[in-house]
Amino acid sequence: MRDGRGEPGAVRRTVAEDVYRALKRDIIMLRHRPGASLTEAELAALYGSSRVPVRESCQRLQQDGLLTSLPYKGYFVNQISLKEISDSFGLRELLETHAIEVTALRATAEDLSRLEDLATTQYTYHDWSSYADFLDRNFDFHIQLARLCRNDRLVAVSYTHLTLPTIILPCRSRWSR
């Protein structure tokens, strides 16, 4: 199966996945600041979808620790502490060390070529569009690395723990302005 970019072997993304990635990116890029109130209707209009994919995306972002839901009030962007980011980095280091060891034994030349393509993505300082593209490709790299282990739990944990460390980069840049 091919995704929207026509890459062989890639999984086609759903509307909910697109909304999830866009909303997560906007939270990480501080377009939705900590404490901000978000409703399904507002998010559906903003991301050009119905409320169902928005609800599914918000549920995933709650699992990621980025949103909190309050019944009849909507969603709120969570404040993330430096300790939470540090803890997440520590866990990722352990998991990805294992993933690299397993991938080195199992990966084909095509698998490694795909990883290399994702790993060469760079961004330009203060170019938020290039940074957003970098975040998407970085996310894809780490998820692909986990998938090559053929361990569904590792992939699921990777989805959650890839989110928090990426928050620190735009925060540092925006604090220093």
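Computed from a predicted model, the values in this text were never measured in an experiment. (Residues numbered from 1 in each chain as written. Predicted model: local features only at pLDDT ≥ 70, side-chain atom pairs only at ≥ 80, totals over all residues. Heavy atoms only, no water.)

**Student:** In this structure, what is going on with a nonpolar patch on the surface? I would like to understand it.
**Tutor:** A contiguous nonpolar patch, built from Leu91, Leu94 and Val157 and spanning about 240 Å² of accessible area, is present on the exposed surface. Looking at where Leu94 falls in the secondary structure, it is placed in helix α4 (residues 82-106). (Patch = residues over 30% accessible without salt bridge, like charges linked within 9 Å, V, L, I, M, F, W, Y side chains within 5 Å. Areas by Shrake-Rupley, 256 points an atom, 1.4 Å probe, with all protein chains shown as cover. Salt bridge = Lys/Arg side-chain N within 4 Å of Asp/Glu carboxyl O. Helix = DSSP H or I, 4+ residues; strand = E, 2+ residues; numbered from the N terminus.)

**Student:** Explain the confidence of the model for the chain here, please?
**Tutor:** The predicted coordinates ought not to be read in detail in places where the model reports low pLDDT. Residues with a pLDDT of 70 or more make up 85% of the chain, whose mean pLDDT is 84. Note on residues 170-177: pLDDT under 50 across the span, and 15 contacts to partners over four residues away in sequence or across chains. (pLDDT = per-residue confidence, 0-100. Contact = heavy atoms within 4.5 Å.)

**Student:** How should I be thinking about the pattern of salt bridges in this particular structure?
**Tutor:** Pairing between side chains of opposite charge can happen when their charged atoms approach one another. With the rule as written, the count across this model stands at 13 salt bridges. A salt bridge links Glu17 to Arg21; the shortest N-O distance between them is 3.0 Å. Here Glu17 pairs with Arg21, and both are found in helix α1 (residues 15-28), just four residues apart, close to one helical turn. Both residues of the pair, Glu17 and Arg21, count as buried. For Arg55, the salt bridge is made with Glu40, and the minimal N-O distance between the two is 3.0 Å. One end of the pair, Arg55, is in helix α3 (residues 51-63); the other, Glu40, is in helix α2 (residues 40-47), with 15 residues separating them in the sequence. By relative accessible area, Arg55 is classed as partly exposed at 33%. (Buried < 20%, exposed > 50% of the residue type's maximum accessible area, 1.4 Å probe, protein only.)

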